[in-house]
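Overview (structure and organization)
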Amino acid sequence: MTTKPSRHIRRAGQVEAEVHVPVAIVGGGACGLTAALMLADAGVASVVLERDALPSGSTALSSGFIPAPGTRAQREHGVRDDSAERFAADIQAKAHGRAAPALVEAYAASIGPALDALQERHGLQWVLLDGFLYPGHSVHRMHSLPQKTGASLMAALQAAVEAAGIPVLTQALVDTLVLDAEDRVIGVDYSRPDGTRETLACDALLLACNGFGGSAEMVRMLLPEMAEATFGGHTGNDGSAILWGESLGARLRDLGGYQGHGSWVTPQGALMSWAVMMEGGVQINCEGRRFHDETQGYSEAAVHVLAQPGGIAWNVFDTPLLALARGFPDFCDAEAAGALRRCDSVDALADCIGCEPAVLQGTLDAMRASTPPSDGRVFARALEAPYFAVKVTGALFHTQGGLDTAPDMRVLREDGTPFANLLAAGGAAGGVSGDAVWGYLSGNGLLSAVAGGYIAARTAAALIHSTKASA
Ligand SMILES: Cc1cc2nc3c(=O)[nH]c(=O)nc-3n(C[C@H](O)[C@H](O)[C@H](O)COP(=O)(O)OP(=O)(O)OC[C@H]3O[C@@H](n4cnc5c(N)ncnc54)[C@H](O)[C@@H]3O)c2cc1C
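Here the focus is unusual backbone geometry. Residue Pro-267 follows Thr-266 across a cis peptide bond; omega there is 5 degrees. Here Pro-267 shows up in the loop between strand E13 (258–265) and strand E14 (270–271). With omega at 0 degrees, the peptide bond leading from Ala-385 into Pro-386 counts as cis. Secondary-structure assignment places Pro-386 in the loop between helix H14 (357–366) and strand E18 (387–399). Positive phi is not limited to glycine here, since Asp-183 has a value of about 70 degrees. Note that Asp-183 resides in the loop between strand E8 (173–179) and strand E9 (185–191). With relative accessibility at 15%, the residue Asp-183 sits in the buried group. Positive phi, normally seen in glycine, also occurs at Met-409, with a value near 80 degrees. Positionally, Met-409 belongs in the loop between strand E19 (402–403) and strand E20 (410–412).

Take the site of the ligand next. If you check the shell around the ligand, you find 42 residues, and the closest are Glu-50, Ser-58, Thr-59, Phe-65 and Leu-446. Backbone polar atom of Val-174 to a nitrogen atom of the ligand: 3.0 Å apart, as the coordinates give it. Coverage of the ligand by the protein amounts to 98% of the 1,000 Å² it exposes when considered alone. It is helix H2 (residues 57–61) that provides the largest number of residues to the shell around the ligand, a total of four residues. Partitioned by chemical class, the residues of the shell around the ligand number 16 nonpolar, 22 polar and four charged.

Working definition: the strands of a sheet are paired by backbone hydrogen bonds and lie parallel or antiparallel to each other. The strand order across the open sheet built from three strands is E4-E6-E5, with neighbouring strands paired in antiparallel fashion. At either end of the open sheet lies a strand with only one pairing partner, and these are strand E4 (66–67) and strand E5 (127–128). Alignment of E5 against strand E6 (residues 142–144), held across two bridges, turns out to be antiparallel. Counted as the bridge partner of Leu-128 is His-143 from E6.

In this section: the packing of helix H5 (residues 101–122) against helix H15 (residues 444–470). Running from N to C, H5 and H15 cross one another at 85 degrees; their axes reach a closest spacing of 8 Å. Compared by their axis directions, H5 and H15 come out roughly perpendicular. Mapping the contact onto sequence places Ala-106, Tyr-107, Ser-110, Ile-111, Pro-113, Ala-114, Leu-115, Ala-117 and Leu-118 in H5 and Leu-447, Ser-448, Val-450, Ala-451, Gly-452, Tyr-454, Ile-455 and Arg-458 in H15. Of the residues assigned to the contact of H5 with H15, the class counts are 13 nonpolar, three polar and one charged.

Thresholds applied
- Residues numbered from 1 in each chain as written.
- Predicted model: local features only at pLDDT ≥ 70, side-chain atom pairs only at ≥ 80, totals over all residues.
- Heavy atoms only, no water.
- Helix = DSSP H or I, 4+ residues; strand = E, 2+ residues; numbered from the N terminus.
- Buried < 20%, exposed > 50% of the residue type's maximum accessible area, 1.4 Å probe, protein only.
- Near = heavy atom within 4 Å.
- Polar contact = N/O pair within 3.5 Å; in protein donor to acceptor, adjacent residues only side chain to side chain.
- Areas by Shrake-Rupley, 256 points an atom, 1.4 Å probe, with all protein chains shown as cover.
- Nonpolar A, V, L, I, M, F, W, Y, C, P; charged D, E, K, R; others polar.
- Pairing = 2+ DSSP bridges.
- Axes fitted to C-alpha atoms, helices over the stretch in contact; angles between N-to-C directions.
- Parallel < 35°, antiparallel > 145°, perpendicular 65-115°, else oblique.
- Contact = heavy atoms within 4.5 Å.

As structure tokens, this is what we get:
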């Protein structure tokens, strides 16, 4: 993780630039590429500026799971009792009512059409994940590409962008936004790996450069409980949008919100799906005890795991759950890297964990008891030998706080008025998880990226069309 980078605002009457584009997009992850595709569909040209040689972002590191109601894929699976309203209610229930209401409504209404548009116009073939219910979702609405990885999502978006002829300028680290005296963005300055500097002129700008998880200094300051945690996201996401926002007098929102994960396989460094916990697996600390209700969610589980001795827990499960786990590519990678331990008895499991067998036996027996454990979790069945165990820790996946926006993704000033042509979406904007780790509903990250990119494109296209009409 880096320290705080230098990000600047330059004021100018006009910009000297060889290239002028209607919409400039900073960041080539799911948000930036979705927005570029939707702009192309609306007949508006854009350029994506990406700091890396090959766009990947946190999107490529993710599982690529996106929740959406009312999609074609959901209907084809026979799920007909979902709606934007039901999804919005699930988001707010997880956030205890603390998610920005207008944005929740906008995202819940837009994500279905966004996934359908990506499918119908750009060839992304969604499948519905109906093997289990993700924590906090009241209905099967999680989508992914058939490969079930973020890398395949990025590859599909990149192929679509290439097919649409949209320029993606790689190795272009944007460090300066150029605004005129009326607070209108008129360009961006960026640097190349050899130190040369270039400028791109634009009529509107979308910040799609995610949050601040890659800045150790900002994480220490804003999320102190995650200061020592592993960051599982893209280190190039160093808080650029927030730093520009601070210099511009933009309003920031929900800076304490983030996605943690309580199932980061260590020392291999991979994600183990929470599906195993939802279907009966448990987390046990090195004393042989459970320490939270795992079904509440994987995000807050990060904090619970980090609070255990050594910041470590063991995911413990049995043969039927191993079969479930093996349906997830990330788990298969972790298993191939040697993370999975098989234990044929409670004694062997205690030996693996390093705890007293009697304490562990008591923990497993409690799953059979007619009175549920004190954390309130109700088990449908107890685990049976052979047991399987994977050592995990808590990790920070991405930040959910960012620039406050109107529901059309225009960035708001501290007084609540919008900048005319500055937009932010995805992890660069404040999300829909409220201001704490427990507010994160599974999939809120890519929801913000894809729905936010879709809405931002619509807003930017309208701005460009209205400017053309009045010229
Ligand atoms: C292990 C893991 C698993 C996850 N699984 C899921 C999941 O299944 N579902 C879900 O909803 N969410 C998941 N997430 C969260 C999800 O990955 C993010 O919320 C989402 O990818 C954000 O998309 P984005 O386009 O905003 O950002 P990104 O995909 O990170 O893209 C931002 C891009 O901006 C570029 N950039 C940054 N600053 C600059 C700059 N100054 N100049 C130029 N370029 C810049 C970066 O290099 C990057 O390519 C997961 C995260 C992790 C780490």
